[in-house]
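Topology and contacts: notes
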Amino acid sequence: MINYADYDFYISEYKGSLSIDLFNSLIVKASREIDKNVNKDLTETNIKRLTEREQWQLKYVACELCDFLNNSGGNSGKYSFGADSISIDGVSISKGSNIKSETQINKDKKSILGELPLSLIRYL
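What counts and what doesn't
Residues numbered from 1 in each chain as written. Predicted model: local features only at pLDDT ≥ 70, side-chain atom pairs only at ≥ 80, totals over all residues. Heavy atoms only, no water. Helix = DSSP H or I, 4+ residues; strand = E, 2+ residues; numbered from the N terminus. Contact = heavy atoms within 4.5 Å. Polar contact = N/O pair within 3.5 Å; in protein donor to acceptor, adjacent residues only side chain to side chain. pLDDT = per-residue confidence, 0-100. Axes fitted to C-alpha atoms, helices over the stretch in contact; angles between N-to-C directions. Parallel < 35°, antiparallel > 145°, perpendicular 65-115°, else oblique. Left-handed = near helix turned anticlockwise from the far one by under 90°. Nonpolar A, V, L, I, M, F, W, Y, C, P; charged D, E, K, R; others polar. Core = buried A, V, L, I, M, F, W, Y, C linked by side-chain atoms within 4.5 Å. Buried < 20%, exposed > 50% of the residue type's maximum accessible area, 1.4 Å probe, protein only.

This part takes up the environment of Gln-55. Mapped onto the elements of the fold, Gln-55 is located in helix α4 (residues 52-71). With 51 residues separating them along the chain, Gln-55 and Tyr-4 place their C-alpha atoms 8.8 Å apart. Those residues in contact with Gln-55, other than ones at most four positions away along the chain, are Ile-47, Lys-48 and Leu-50. Only 3.1 Å separates the side chain of Gln-55 from the backbone oxygen of Ile-47, close enough to count as a polar contact.

For the protein, the mean per-residue pLDDT works out to 85, and 79% of the residues sit at or above 70. Element-level pLDDT for the protein is lowest in strand β1 (residues 79-80), with a mean of 44, against a maximum mean of 98 in helix α1 (residues 7-12). Here residues 75-81 is modelled with pLDDT under 50, and outside its nearest four sequence neighbours on either side it reaches 23 contacts, counting other chains as well.

With that settled, the discussion passes to the packing of helix α2 (residues 20-35) against α4. A pair of packed helices is characterised by two quantities: the angle between their axes and the separation of those axes. Direction vectors running N to C along α2 and α4 enclose 115°, while the axes themselves pass 8 Å from each other. With respect to each other, α2 and α4 are oriented roughly perpendicular. Here α2 runs over α4; the crossing is right-handed. The residues of α4 that touch α2, namely those facing Leu-22, Phe-23, Leu-26, Ile-27, Lys-29, Ala-30, Glu-33 and Ile-34, are Leu-58, Val-61, Ala-62, Cys-63, Leu-65, Cys-66, Leu-69 and Asn-70. Residue composition of the contact of α2 with α4, by class: 13 nonpolar, one polar and two charged.

This part is about the nonpolar core. In this structure, Phe-23, Ile-34, Leu-42, Leu-58 and Leu-65 are the most contacted members of the largest nonpolar core, which totals 28 residues. Where this core is concerned, the elements lending two or more residues are α1, α2, α4 and α5 (102-113). Ranked by residues supplied to this core, first place goes to α4 with eight residues. Beyond its immediate stretch of four places on either side in the chain, Phe-23 contacts Ala-5, Asp-6, Tyr-7, Tyr-10, Leu-18, Cys-63 and Cys-66.

Given below as structure tokens:
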């Protein structure tokens, strides 16, 4: 299995702030998420066939997904199901504004994955 970015790229190009240990655990998940959303197997040979810009885009999206997974995409529990608020007998309870619904998380993730090179997501 290939991880699509390394910590050096994450720090120097992407300007991320995760620790190396956290990055290393999240890049595996981020790379597998990319695998599920591209139109071909991303072997080392296929990656080398991408243009330099497309390779950069692939790495950048992998880094974005690491931050996304850390912030709201499943690791931190900052998402919820169901209604945003309920009211019973005049007492109202609202979820915190920093909690995202599963629908919003999927929308955000799809937006990030949409930044992959067109050659990898065309026909999906």
